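Structural characterization, general
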2 protein chains.
Amino acid sequence: MTEDQPALREVERYMRAVIDRAESSGMLDDRAALPLYRVLAYHLGWMDEQFRPARVDGGKRIRPLLCLRCCEAAGGDPSAAAPVGAAIELLHNFTLVHDDIQDRSRTRRHRPTVWALWGEAQAINAGDAMFALSQLALLGVADRLPASSVALLLRAFNETTLRIVEGQVLDLGFEDRPSVSVDEYLTMIRGKTAALTAFAAWSGALVAGADPERLERFRLFGEALGLGFQIRDDYLGIWGRREETGKEPADDIRRRKKSLPIVLLLESMTPPDRELLDSLWSGPEVSDQAVEQVLELLERYGVRERVRAEVARLHQEAHSLLAEAAEPGPARDALAALLDRLATRSG
Amino acid sequence: MTEDQPALREVERYMRAVIDRAESSGMLDDRAALPLYRVLAYHLGWMDEQFRPARVDGGKRIRPLLCLRCCEAAGGDPSAAAPVGAAIELLHNFTLVHDDIQDRSRTRRHRPTVWALWGEAQAINAGDAMFALSQLALLGVADRLPASSVALLLRAFNETTLRIVEGQVLDLGFEDRPSVSVDEYLTMIRGKTAALTAFAAWSGALVAGADPERLERFRLFGEALGLGFQIRDDYLGIWGRREETGKEPADDIRRRKKSLPIVLLLESMTPPDRELLDSLWSGPEVSDQAVEQVLELLERYGVRERVRAEVARLHQEAHSLLAEAAEPGPARDALAALLDRLATRSG
């Protein structure tokens, strides 16, 4: 996605500049236990595990792209939003580094995670540093925007972070519960995923100088996009292909994750089927055979179709909200195309 | 310390207000897995483990006190620095919540740590939320200071955070190394401890409107104070009394921590004594008898006296730097008294 987006290249340059500046003004030398900033470069796809320059998958940069496109669609210069885009991507990656520790995920984007390579304790440090760097990136707007907008942006950025953390608190708690309602699930993803896409769309429009009413429309558009994105992610977590997702097929079943398909299944099941599911899930590991049986249950209750329909509904809703937020034109068309790509992606 | 400091009460109120506002605008209800904001209130000493209001030891609030006193000593109104003091204390406590996970510390201030009560994964979340809250607290100065000072303050706050994380990276790495030089140790505590006291002193003077030269003097004063504070802490980690420190006596020996006394000992020892120490430390646990023998070694090499002398030297240096930074008067006297109290504290 980077190739066809000159504005995204600017985001990437900005992220690198913030990290390079921090490294060169920092205290760590070659004797340090962890080359902290190079670990971040590894996570972001700029280096391999031996810290040689690399160009590997470091994520799709969807959130900064959304921010820049919304800036443009609200009549602004997208390159003015580059520091905000960089801050958003760094914030997102800070949460990923910590999530991987919390979820015991050893692989992300086909590569070992930070904690899997350098241990939990240092991965906590890496995430903390990435969070501080995201704030420094955001401060890049300080001399480009009016002071009142800067304060508004910084406040919203940190409130967004709280919503993301709250979402993660809920998500971790779901693991220990027998069932979760669809409402609770939606609250969780509204925090964990949609809060940041909502901020991305809103902040892009803010940089463009949009008025409060239009800002709110962009925010709602970004939220609907994020909800749809997460539910598509849940779909792929069960029915995605390894080559495309970089994860084991049915990974979320193996991890007993209460993603939307499982939430819907739990809500619909007869008591005997529920007992069956509980027994399939009760062992220390979910066997291949058990995974097959859970997949059958999901098919039998029509869950796959229901999840697809929910993605389609949110996709339509996001299109309507976009039409309300942005004037017709190439920038809005690009956002619509991004939306279509996200709703149908397979990895 | 809170009782005799009306200005500190304002810091405390400000911290509570920031957390309360976040909770009331947040998404968590009673069904959430973790009452995130009440967990923070527990850590800060405002609630007990059942989330009943409490007034227990939540730390000495030395850093905000330093910030407010420096504001006053630079000719400012200390209450104008209350948001900065609150931000500093929240930042400090974010690092403590994460440090306790990294160091496997089950007790802090005579109470179980956050991860010991609610698990590692949720403790990571609690720390992350506290960090975001510290940024929100700091933004409280946005309408009280010129925009350029606000940007400067925010940038320095996050650069300080990077130095703290770098210090923690170094500290964790020391555990796996046979020895550490005094220089490396000093770099580590300059990040882990002195970066924040330096920021506290500097930011207090910034709120007072001090010029760059005076700001730098206050920063150096805060740094010297922090270095002395940490070395006193290292002293107490070995020779402190349980009733006063809230930790086991010789806790740092049991944890094989490369604090200054051990660094000095390793540097001075004869090879046979080094072999003895290695054998004392090699087992899965350090026995009471082994602790006694390490204490004897420290005595024999005069380490206790050398650590005391280093605290005294930094104490004198901080006094000189204070005299250069601040005009004579009651505010400077109060800072001098704080400095004396810290250099001789026993808990």
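We now turn to the structure provided with this report. Just so it is clear, the structure is predicted and the values come from calculations on it, not from any experiment.

Turning to the packing of helix 1 (residues 6–24) of chain B against helix 4 (residues 82–102) of chain B, a few remarks are in order. To characterise two packed helices, one gives the angle between the axes of the helices and the distance between these axes. Residues and elements named next belong to chain B. Contact geometry for helix 1 and helix 4: axes closest at 8 Å, N-to-C directions at 70°. When the axis of helix 1 is compared with that of helix 4, the two are roughly perpendicular. As helix 1 packs across helix 4, the resulting crossing turns out to be right-handed. Across the interface between the two elements, Glu 10, Val 11, Tyr 14, Met 15 and Ile 19 from helix 1 touch Ala 82, Pro 83, Gly 85, Ala 86, Glu 89 and Leu 90 from helix 4. The class makeup of the residues in the contact of helix 1 with helix 4 is 8 nonpolar, 1 polar and 2 charged.

Counted under the stated rule, the structure contains 13 aromatic pairs over all chains. Ring centres 5.7 Å apart and planes at 40° place the aromatic pair Phe 199 of chain A and Trp 202 of chain A in the tilted group. Residue Phe 199 of chain A and its partner Trp 202 of chain A are both found in helix 8 (residues 182–207); the two are separated by 3 residues, about one turn of the helix. Judged on exposure class, the residue Phe 199 of chain A and its partner Trp 202 of chain A are both buried. In this structure an aromatic cluster arises from ring pairing among Phe 94 and Phe 131 of chain A together with Phe 94 and Phe 131 of chain B.

Glancing now at the pattern of salt bridges. Residue and element names in this part refer to chain B. According to the stated counting rule, one finds 60 salt bridges over all chains in the structure shown. A salt bridge links Asp 29 to Arg 31, with the shortest nitrogen-to-oxygen separation between them at 3.1 Å. Residue classification places Asp 29 among the partly exposed residues on the basis of a relative accessible area of 37%. A salt bridge links Asp 252 to Arg 255, with the shortest nitrogen-to-oxygen separation between them at 3.5 Å. Owing to a relative accessible area of 7%, Asp 252 belongs among the buried residues under this scheme.

This paragraph deals with the interface of chain A and chain B. Contacts between the two partners involve 50 residues from chain A and, on the opposite side, 50 residues from chain B. The contact between chain A and chain B buries some 4200 Å² in all, and 70% of this surface belongs to carbon and sulfur atoms. Ranking the residues of chain A by area buried against chain B places Met 27, Leu 162 and Val 169 of chain A at the top, with a combined share of 15%. In this assembly, chain A and chain B are joined by 2 salt bridges. Taken together, the links from chain A to chain B amount to 16 residue pairs in polar contact (both at pLDDT 80 or more). Elements with a minimum of two residues in the side of chain A that touches chain B: helix 1 (6–25), helix 2 (36–43), helix 4 (82–103), helix 6 (120–138), helix 7 (147–174) and helix 8 of chain A. Tallying contributions element by element places helix 7 of chain A first for the side of chain A that touches chain B, with 17 residues. Among the residues making up the side of chain A that touches chain B, the classes are represented as 27 nonpolar, 14 polar and 9 charged.

Applying a rotation about an axis and a shift along it to one chain copy brings it onto the other copy. The transform that puts chain A on chain B rotates by 180° and translates by 0.0 Å along the axis, for an RMSD of 0.0 Å. With respect to symmetry, the two chain copies, as superposed, fit the operation of a two-fold axis. Measuring from the rotation axis to each C-alpha of chain A, the shortest distance belongs to Ala 147 of chain A, at 3.0 Å. The fraction of interface residues of chain A whose copies in chain B are also interface residues reaches 100%, indicating that both copies meet through the same surface.

Positive phi is not limited to glycine here, since Arg 61 of chain A has a value of about 55°. Examined against the element boundaries, Arg 61 of chain A turns out to sit in the loop between helix 2 and helix 3 (62–73). With a phi angle near 55°, Arg 256 of chain B is a residue other than glycine that sits in the positive phi range. Here Arg 256 of chain B shows up in the loop between helix 11 (251–254) and helix 12 (260–268).

Before going further, it helps to spend a moment on the packing of helix 4 of chain A against helix 7 of chain A. Residue and element names in this part refer to chain A. The geometry of helix 4 relative to helix 7 is characterised by a closest axis approach of 12 Å and an angle of 20° between their N-to-C directions. Classified by the angle their axes make, helix 4 and helix 7 are roughly parallel. Considering how the two elements wind past one another, helix 4 and helix 7 form a crossing that is right-handed. Where helix 4 approaches helix 7, its residues Val 84, Ala 87, Ile 88, Leu 91, Phe 94, Thr 95, Asp 99, Gln 102 and Asp 103 are matched on the opposing element by Leu 153, Phe 157, Thr 161, Ile 164, Gln 168 and Leu 172. Within the contact of helix 4 with helix 7, the residues separate by chemical class into 9 nonpolar, 4 polar and 2 charged.

Quick notes on the rules
- Residues numbered from 1 in each chain as written.
- Chains lettered and ligands numbered in written order.
- Predicted model: local features only at pLDDT ≥ 70, side-chain atom pairs only at ≥ 80, totals over all residues.
- Heavy atoms only, no water.
- Axes fitted to C-alpha atoms, helices over the stretch in contact; angles between N-to-C directions.
- Helix = DSSP H or I, 4+ residues; strand = E, 2+ residues; numbered from the N terminus.
- Parallel < 35°, antiparallel > 145°, perpendicular 65-115°, else oblique.
- Left-handed = near helix turned anticlockwise from the far one by under 90°.
- Contact = heavy atoms within 4.5 Å.
- Nonpolar A, V, L, I, M, F, W, Y, C, P; charged D, E, K, R; others polar.
- Phe/Tyr/Trp six-rings, centres within 6.5 Å; stacked < 30°, edge-to-face > 60°.
- Buried < 20%, exposed > 50% of the residue type's maximum accessible area, 1.4 Å probe, protein only.
- Salt bridge = Lys/Arg side-chain N within 4 Å of Asp/Glu carboxyl O.
- Buried area = accessible area lost by both parts, 1.4 Å probe.
- Polar contact = N/O pair within 3.5 Å; in protein donor to acceptor, adjacent residues only side chain to side chain.
- Least-squares fit on C-alpha atoms with pLDDT ≥ 70 in both.

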